[in-house]
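Structure at a glance
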Amino acid sequence: MSPPSNRREFLRMSAGAAAGLRLSAAAPALAGGACAAGGEAPGGSGEEPAAAGEPEATEGTAPLFRISLAQWSLHRTMFGELPARWSSFGEALANDPDAVLQGSLDPLELAATARSFGIDGIEYVNTFFFGHAQDRDYLAEMKRRAEGEGVQSLLIMCDAEGDLGDPDEAARADAIERHVKWLEAAQFLGCHSIRVNARSRGEFEEQQKLAADGLRRLCERAEPFGVNVLVENHGELSSNGQWLAGVMELVDHSLVGTLPDFGNFLLTREPETWYDRYQGVEELMPYAKAVSAKSHVFGADGEELRTDYERIMRIVLDAGYRGWVGIEYEGDELSEMEGIEKTRDLLIRVRERLAPSYLP
């Protein structure tokens, strides 16, 4: 997902009519293969034709990496246009979590939507079911639908629950506590991780120490659940690969890790300052337990124009990662359904091109 400032911009914009559900006919993705953090993935039935461009699985082999779908790819389709009286995303969630869902697609349809693209792994975002973290009936329905579609629940991306590196001790402790319900929800759904934010304030090293403290304490709370606590490069210092890698070293816990996002390397808006995405991904991959394939704009040849996908996926694979790579389309030139399809097809092509260099 993009840094919160991007979401605020999104909320100020008119989302317009939600994209139509132009779902491509597709079948289960390649069977086999283990996620670095999530264990064995379910196999496909083998009864339907493969998705466009998807190679048939060879018995006894596993793909170089597997492709999942992040729920944020559908944020316009699920949220629609929010009323102007909601001045911020957090305010909207606090007032009425379910009222933010003004779009044409129910969040419960995530698993079916992923399956329609031939994708069999999904990454939830808590803001789509913010009021249901402890609603066992709702979570059971999410789980039932995922299992019914043969789709694996991988992680929950968590926002709007406070800053884990807040300089105020009481606020930091509150943020830790507010994330515990999502650990429990992730365990119930069968996810391997939650994704959190390491936001703080202060000088470089002080922010590292504060974020590490909050993360370490949350990891300790996560131990009974067996759920990882992942940090995404998500704006400000968290988008500095060196800073976040340093936080990982300070936390030094088996359940902590990173979720490198290909696009979230904006450090400041005024002046606009970017961290090199390839350097950042390389710095974060030693700690990665998930990967986010951010996409925005595509050329006529189907390549992503902001990120060299082959180059960045070589960095991912050179780090030894063989897990899930989550589609997170965030562009506005295509409908969300078209953007998901374009990103999926690009990842498949890159996987085919790189397989000879990495598979035995």
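Residues numbered from 1 in each chain as written. Predicted model: local features only at pLDDT ≥ 70, side-chain atom pairs only at ≥ 80, totals over all residues. Heavy atoms only, no water.

Attention now moves to the packing of aromatic side chains. As enumerated under the stated definition, the model contains eight aromatic pairs in all. Each ring, one from Phe79 and one from Phe128, has its centre 4.4 Å from the other, and the planes form 15 degrees; the classification is stacked. Within this pair, whereas Phe79 is found in helix 2 (residues 75-79), its partner Phe128 is found in the loop between strand 4 (121-125) and helix 5 (136-149), the two being separated by 49 residues in sequence. With centroids separated by 6.2 Å and ring planes inclined at 40 degrees, the aromatic side chains of Phe130 and Trp182 adopt a geometry described as tilted. Remark: Trp182 occurs in helix 6 (residues 169-189) and Phe130 occurs in the loop between strand 4 and helix 5; sequence separation between them is 52 residues. You can call Phe130 buried: its relative accessible area is 16%. (Phe/Tyr/Trp six-rings, centres within 6.5 Å; stacked < 30°, edge-to-face > 60°. Helix = DSSP H or I, 4+ residues; strand = E, 2+ residues; numbered from the N terminus. Buried < 20%, exposed > 50% of the residue type's maximum accessible area, 1.4 Å probe, protein only.)

The next subject is the sheet that holds strand 8 (residues 256-259). Picture the strands of a sheet paired through backbone hydrogen bonds; they go either parallel or antiparallel. Read from one edge to the other, the open sheet built from eight strands follows the order 8-7-6-5-4-3-12-11, with strand pairing classed as parallel. The open sheet is flanked by strand 8 and strand 11 (291-295), the only strands paired with a single partner. On average, adjacent strands in this sheet sit at an angle of 30 degrees to one another, irrespective of strand direction. As paired elements, strand 6 (residues 193-196) and strand 7 (residues 228-232) share four bridges and run parallel to each other. Bridging across to strand 7, Ser193 finds its partner in Asn228. Along the sheet face, helix 6 touches strand 4, strand 5 (152-157), strand 6 and strand 7 and points at about 150 degrees away from the line of strand 6. (Pairing = 2+ DSSP bridges. Axes fitted to C-alpha atoms, helices over the stretch in contact; angles between N-to-C directions. Contact = heavy atoms within 4.5 Å.)

A separate point is the pairing of strand 9 (residues 266-269). Inspection of the sheet shows strand 9 paired to strand 10 (residues 272-274) by three bridges, in the antiparallel sense. Across the sheet, the residue bridging to Leu266 is Trp274, located in strand 10. Counting the residues that bridge the hairpin from strand 9 to strand 10 gives two residues.

Counting buried residues along strand 11, five of its five residues qualify, which places the element largely inside the surrounding structure. Residues of strand 11 alternate between two faces, with Val291, Ala293 and Ser295 on one and Ser292 and Lys294 on the opposite face, all of them buried. In the classification by handedness, the crossover that spans strand 11, the intervening helix 10 (residues 309-318) and the parallel strand 12 (residues 324-329) is right-handed. (Right-handed = clockwise from strand over helix to strand, strands pointing away.)

Of all residues in the protein, 82% attain a pLDDT of 70 or more, and the chain-wide mean is 86. In this model, residues 3-36 is a region of pLDDT below 50 whose contacts with residues beyond four sequence positions or in other chains number 104 contacts. The low-confidence segment residues 38-58, where pLDDT is below 50, has 46 contacts with residues more than four positions distant or belonging to other chains. (pLDDT = per-residue confidence, 0-100.)

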